[in-house]
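Okay, here's what each chain looks like letter by letter:
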Amino acid sequence: MHTTTRLSRILGERNLYRHFSQYQPGQPLRYPERPAVPPRSKVHHYDAETHERWLRAMKEMKMKRNLDKSAFIEHKKTIRDLMEIGHVPSHFFYTHDYVLEQLPPLSENTSVVQLTERQLERMTDITNDQGVMAVFDRAKELPKTTRMPLIIWLDRIRNAGNAGAIIRAAAGASCLSVIFSPESCNIWCPATLRASAGAHYMIPTYQNMSLEEVCRSLPENWQICLLQTEKSCRGSPGNLPASPYHAMQLTQPTLMVVGGEATGITEDVMRLIEGFKGDVTNIFIPIIHPLDSLNVGMASSILIYEMMI
């Protein structure tokens, strides 16, 4: 291993950046004393055979997608945020004791397992893990708050990063909910959870719901807003009015329909919208340079926050 890489890894693991920044030439270099971690009777150190069973079980849980009721969180800050608002992990995996110092006290009902770095690397989906992973139950009780009368329905959003970014933006704006079509990505996969930074636990999210199901449940005073590219707006059937995003105002409850970057809003969805009894409007974000379109997560976020004004 390269010397610089090895040094940076040591500094990262031992959290010694602040100590080294205070080093003065001519004085001996001393490692800072670390406060002792209180012993826990429930910390398990699994052998190789037991770890293999755990690894197979976790892979099976991740493959179940919507059939499973667990969420795998692999980001330290997100784990801390969820614990601070009252969520208790059922399982907690970590590599070094200092990880426990950076998180709130774990519940006695949490199964705590200390692993080697190699063992955790095999269990996580990310390359540079933070030495921690927690398993939470999926969100059931959400924070009670005043929500903006805006629902986002996403048509075939297959990129987990975009899906998580949209959930995060919608939670920040306190929208009513985010709904994904049947052919979208798994919104509870680790990649989506990382991109949302735990926003799944702040806003109602639903998966495998068609637009027809959503429209049947809408009251009469709702309108539909289609977020498309400018080119798609001009060529859409039915001569629907098209407006730039800054002209859109949330004067009535709105269902925002967003298509994937590759397919846009599909023809089946457009035919269904033509039969909608309420108001329907095309919205586009003007692009000065000759780009095809904005990232769907970025475009959705722009429109969500524009509607707040």
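Presented here is an overview of the structure given in this document.

## Quick notes on the environment of leucine 106
Link 1 in the chain: Tracing the sequence through the fold places leucine 106 in the loop between helix H5 (98-101) and strand E4 (111-114).
Link 2 in the chain: The exposure class of leucine 106 is buried, given its relative accessible area of 13%.
Link 3 in the chain: Put simply, leucine 106 and methionine 83 are 23 residues apart on the chain and 8.5 Å apart in space, counted from C-alpha to C-alpha.

## Observations regarding the environment of leucine 227
Link 1 in the chain: Residue position: leucine 227 is located in strand E9 (residues 223-227).
Link 2 in the chain: By relative accessible area, leucine 227 is classed as buried at 9%.
Link 3 in the chain: The contacts of leucine 227, once residues within four sequence positions are left out, are Val257, Val258, Gly259, Ile265, Ile283, Ile285, Ala299, Ser300 and Leu303.

## Thoughts on the packing of aromatic side chains
Link 1 in the chain: Under the counting rule described, the total for this entry stands at three aromatic pairs.
Link 2 in the chain: Judged by centre distance (6.0 Å) and plane angle (35°), the ring pair of phenylalanine 92 and tyrosine 94 falls under tilted.
Link 3 in the chain: What makes phenylalanine 92 buried here is its relative accessible area of 0%.
Link 4 in the chain: Judged by centre distance (6.5 Å) and plane angle (65°), the ring pair of phenylalanine 136 and tyrosine 201 falls under edge-to-face. A residue pair is termed long-range when its members are at least 10 positions apart, and phenylalanine 136 in strand E5 (residues 132-137) and tyrosine 201 in the loop between helix H8 (190-196) and strand E8 (205-206) qualify at 65 residues. By the burial criterion, phenylalanine 136 is buried, and tyrosine 201 matches it.
Link 5 in the chain: The structure contains a cluster of three or more aromatic residues connected by ring pairs, namely Phe136, Trp188 and Tyr201.

So, how was this worked out
Residues numbered from 1 in each chain as written. Predicted model: local features only at pLDDT ≥ 70, side-chain atom pairs only at ≥ 80, totals over all residues. Heavy atoms only, no water. Helix = DSSP H or I, 4+ residues; strand = E, 2+ residues; numbered from the N terminus. Buried < 20%, exposed > 50% of the residue type's maximum accessible area, 1.4 Å probe, protein only. Contact = heavy atoms within 4.5 Å. Phe/Tyr/Trp six-rings, centres within 6.5 Å; stacked < 30°, edge-to-face > 60°.

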